2 protein chains.
Amino acid sequence: MGQLMQGVALTPLKIITNELGNVMHALKKSEDTFTSFGEVYFSLIKEGARKGWKKHHDMVLNIVVPYGKIRFTIFDDRVDSSSYKQYSIFELSPSENYQRLTIHPGLWVAFEGIYKGDSILLNISSIEHDPNEAETCSIDSGIIEYPTF
Amino acid sequence: MGQLMQGVALTPLKIITNELGNVMHALKKSEDTFTSFGEVYFSLIKEGARKGWKKHHDMVLNIVVPYGKIRFTIFDDRVDSSSYKQYSIFELSPSENYQRLTIHPGLWVAFEGIYKGDSILLNISSIEHDPNEAETCSIDSGIIEYPTF
């Protein structure tokens, strides 16, 4: 896990244990990392599958993983950034690392399912989905190297 | 499934199938049933467990079930309501009935896990959690009858 790059925040989230089923926080309007509300959606990711790369120009992502385990890889190609050409990698899961990952526009993001079956990503997005505000770059193209372990 | 009572809305949600993992809509700011954004949280519910009854005075609930299957029971004790003393029951799941359940203040709500392990409820709430804006009434007390099948 690298140091946090500019435009990325990781916020520990509360899990309130309950014998009937836990309550797990995701995002409150009053929190520092909240900017605006546009849309909420889920993106499932199968074990071993990778979605990305995608770079948003306007959308702030607020990502929570309520089920499974997902590895997020962020690549910084902002030439004026102190983390230019660097990667940040985060593995989120409800049982081991229940945190909210906030990613501001301008960074390349990919994610991979690292849990059996479908893992579940929740994104509380600052704007509604708009295909024109994001760039994509296939992982398979190799244009942006995808770090593996 | 009964007719919708006043203050309750059910909205079909899109699932965009993808071989890497589906994308499942939850709520957009521009949708009719959106009122305001306060907080997003998850509530898990074990198979056979029941949470409730709870009646909110201010909170509008926007409920989506991304995993498992949950039965929601709504009881109307509003004396001036056309559905006074009636129940509405909804079973939501991503595979069989992927819809958003919007519940306005003033109705009693209980829910039960009807899938193996933990089912997952997402609530996109119109206000932040505030224990003073909700009443509770234990299901076990029998004060409000809990309908079973």
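Let me sum up the structure you'll find in this document. These numbers come from a predicted model, not from an experiment.

Thoughts on the relation of the copies chain B and chain A
Then step 1. Overlaying chain B on chain A yields an RMSD of 0.0 Å, the required transformation being a rotation through 180° with an accompanying axial translation of 0.0 Å. As the rotation angle and translation indicate, the two copies are arranged about a two-fold axis. For chain B, the residue whose C-alpha comes nearest the rotation axis is Phe-37 of chain B, separated from it by 3.4 Å.

As for the packing of aromatic side chains
Then step 1. Tallying each qualifying case throughout the model produces 16 aromatic pairs over all chains.
Then step 2. Judged by centre distance (6.0 Å) and plane angle (80°), the rings of Tyr-67 of chain A and Tyr-115 of chain A are edge-to-face. Here Tyr-115 of chain A lies in the loop between β10 (108-113) and β11 (118-125) and Tyr-67 of chain A lies in strand β6 (residues 61-67), a separation of 48 residues in the sequence.
Then step 3. Taking relative accessible area as the criterion, Tyr-115 of chain A reaches 30% and is therefore assigned partly exposed.
Then step 4. An aromatic cluster of three or more residues is present, and its members are Phe-34 and Phe-37 of chain A together with Phe-34 and Phe-37 of chain B.

What about the nonpolar core?
Then step 1. Among the nonpolar cores identified, the biggest contains 28 residues, and Phe-42 of chain A together with Phe-42 and Leu-122 of chain B are the most heavily contacted of them.
Then step 2. Looking at this core, the elements that each hand over two or more residues are β3 (23-28), β4 (39-46) and β11 of chain A together with β3 (23-28), β4 (39-46) and β11 (118-125) of chain B.
Then step 3. Non-local contacts of Leu-122 of chain B, meaning those with residues more than four positions away in its chain, are made with Val-40, Phe-42 and Leu-122 of chain A together with Ala-26, Val-40, Tyr-41, Phe-42, Asn-62, Ile-63, Val-64 and Pro-66 of chain B.

Notes on the sheet that holds strand β12 (residues 134-136) of chain A
Residue and element names in this part refer to chain A.
Then step 1. With antiparallel pairing, five strands are arranged side by side in an open sheet as β8-β7-β10-β5-β12. Unpaired on one side and paired on the other, β8 (87-92) and β12 mark the two borders of the sheet. Each strand of the sheet is rotated relative to its neighbour by a mean of 25°, with strand direction disregarded.
Then step 2. Sheet analysis places strand β7 (residues 70-75) next to β10, joined by six bridges and oriented antiparallel. If you follow Phe-72 over to β10, its bridge partner there is Phe-111.

As for the pattern of salt bridges
All names here are of chain A.
Then step 1. Summed over the entire model, instances satisfying the criterion amount to 22 salt bridges over all chains.
Then step 2. Between Glu-112 and Arg-50 there is a salt bridge, and its shortest N-O distance comes to 3.1 Å. Here Glu-112 is found in strand β10, whereas its partner Arg-50 is found in strand β5 (residues 50-56), with 62 residues between them in sequence.
Then step 3. Since its relative accessible area comes to 33%, Arg-50 is described here as partly exposed.
Then step 4. Between Glu-96 and Lys-69 there is a salt bridge; the shortest N-O distance is 3.0 Å.

A word on the sheet that holds strand β7 (residues 70-75) of chain B
Residue and element names in this part refer to chain B.
Then step 1. Within the open sheet, the five strands sit side by side as β8-β7-β10-β5-β12. Their pairing is antiparallel. Where the open sheet ends on each side, the last strands, each with one partner, are β8 (87-92) and β12 (134-136). On average, each strand axis in the sheet is inclined to that of its neighbour by 25°, with strand direction left out of account.
Then step 2. Pairing between β7 and β8: six bridges, direction antiparallel. Across the sheet, Phe-72 pairs through a bridge with Phe-90, a residue of β8.

Rules used in this analysis
- Residues numbered from 1 in each chain as written.
- Chains lettered and ligands numbered in written order.
- Predicted model: local features only at pLDDT ≥ 70, side-chain atom pairs only at ≥ 80, totals over all residues.
- Heavy atoms only, no water.
- Least-squares fit on C-alpha atoms with pLDDT ≥ 70 in both.
- Phe/Tyr/Trp six-rings, centres within 6.5 Å; stacked < 30°, edge-to-face > 60°.
- Helix = DSSP H or I, 4+ residues; strand = E, 2+ residues; numbered from the N terminus.
- Buried < 20%, exposed > 50% of the residue type's maximum accessible area, 1.4 Å probe, protein only.
- Core = buried A, V, L, I, M, F, W, Y, C linked by side-chain atoms within 4.5 Å.
- Contact = heavy atoms within 4.5 Å.
- Pairing = 2+ DSSP bridges.
- Axes fitted to C-alpha atoms, helices over the stretch in contact; angles between N-to-C directions.
- Salt bridge = Lys/Arg side-chain N within 4 Å of Asp/Glu carboxyl O.

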